[in-house]
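As a plain string of letters, each chain reads:
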Amino acid sequence: MRRFSIALLLLTVASFGWAQQNTIEDSLTWGNITPSLVEKYQGMAERGHSAALYYIGRCYFNGYVLPKDKYKAVEYLGRAAEKDQPEALYLLGQCYNYGLGVVKNEGKATELFQKAIKWFEQDIEENAYAPYYLALCYSYGFGVKSDSGKSISLLEKAANMGNTQALIDLAQIYLQGGQVPKNPSRALELFTIAAEHGNPIAQLHLGYSYLDGEIVAADRVKARDWFQKAADQGLPGAIKALQNL
């Protein structure tokens, strides 16, 4: 059974009492990548470590530290996907679905998504990113029939397991309304939980919430504090927000 190597765990959020551990997926999703981490995982990737291959593929895909290069991304993601690395299967599926770094092939994309879904379903009780990625599959109809209700239910599950990205996605759903009744107060609560658990993207959202004063009373001091917390983790958008404050 495939599992992330313990060597790839970056830190544990034990002080918050949540089940989730911050893994390479958190680092990639949060966008606070450092050159030293990239160098570390490049070495592991060259030794064939599946999660490290995925990490480097994502770095090339998003332009994190490494130059943005969809072709290089597909190369590394493909090597990881051959080892059934679920997140690599999912992202490679997107590459084929949209023609990013490869010739567009929706049939191949569906095949990759369905392989990823099998792994996510197997890991759903143990890995907080498993229900999160399943939620995305049901939201966009990747490898399954789209189902917004099931997607939201899976986001709730991922959030309860400690997935801060799921908290952010739920917050945005409550801000926009439509799939659920619009509820700005609930959105603020979800952003706050994710921010307090260290997610720099949530901290950035919360900073702008206090700056704009649309869903909470405007408070430039609190806005600066949250921007600073995110900037301290290297989030470019937060650094820019502080400069513009």
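A brief structural summary. (Residues numbered from 1 in each chain as written. Predicted model: local features only at pLDDT ≥ 70, side-chain atom pairs only at ≥ 80, totals over all residues. Heavy atoms only, no water.)

**Looking at the overall build of the chain**
Scanning the chain for helices and strands turns up 13 helices and 2 strands. Split into buried and exposed, the 245 residues of the chain put 51% on the buried side. Taking as baseline every contact in the chain between residues at least 6 positions apart, the subset at least 24 positions apart corresponds to 51%. When the accessible surface of the chain is split by element, carbon and sulfur atoms take 49% of a total near 11,500 Å². (Helix = DSSP H or I, 4+ residues; strand = E, 2+ residues; numbered from the N terminus. Buried < 20%, exposed > 50% of the residue type's maximum accessible area, 1.4 Å probe, protein only. Contact = heavy atoms within 4.5 Å. Areas by Shrake-Rupley, 256 points an atom, 1.4 Å probe, with all protein chains shown as cover.)

**Re the packing of aromatic side chains**
Taken as a whole, this structure holds 13 aromatic pairs when the rule is applied. When the ring of Y41 is compared with that of Y55, the centres are 4.3 Å apart and the planes differ by 55°; the resulting orientation is tilted. With Y41 in helix α2 (residues 35-46) and Y55 in helix α3 (residues 50-62), the pair connects residues that are 14 residues apart, well separated along the chain. Under the relative-accessibility criterion, Y55 is labelled buried at 0%. Considering the side-chain rings of Y90 and F142, the 6.0 Å spacing of their centres and the 65° angle between planes classify their relative orientation as edge-to-face. (Phe/Tyr/Trp six-rings, centres within 6.5 Å; stacked < 30°, edge-to-face > 60°.)

**A look at helix α6 (residues 106-122)**
Compared with an ideal rise of 1.5 Å per residue, which puts 17 residues at 24 Å, α6 spans 24 Å between its outermost C-alpha atoms and is within 8% of the ideal. Where α6 is concerned, the buried positions are A109, L112, F113, A116, I117, W119 and F120. When α6 is viewed along its axis, its buried side chains cluster within an angular range of 165° and face the same direction. Looking at the buried residues of α6, the elements they touch are α5 (86-98) and α7 (129-140). Of the residues that open α6, the one with a side-chain oxygen 3.2 Å from the backbone nitrogen of G107 is N105. (Expected span 1.5 Å × (residues − 1). Arc of directions from axis to C-beta. Polar contact = N/O pair within 3.5 Å; in protein donor to acceptor, adjacent residues only side chain to side chain.)

**What to know about the pattern of salt bridges**
Between side chains of opposite charge, pairing is possible as soon as their charged atoms come close. Applying the stated criterion to the full structure yields 5 salt bridges. Two residues, E75 and K72, come together in a salt bridge whose shortest N-O distance is 4.0 Å. Of this pair, E75 and K72 both sit in helix α4 (residues 70-81), 3 residues apart, which is roughly one turn of that helix. The partner of K104 in a salt bridge is E106, and the shortest N-O contact between them spans 3.7 Å. (Salt bridge = Lys/Arg side-chain N within 4 Å of Asp/Glu carboxyl O.)

**Side note on the environment of L92**
Tracing the chain through its elements places L92 in helix α5. Note: C-alpha distance between L92 and V74 (18 residues apart in sequence) is 6.6 Å. Those residues in contact with L92, other than ones at most four positions away along the chain, are V74, L77, G78, A81 and L112.

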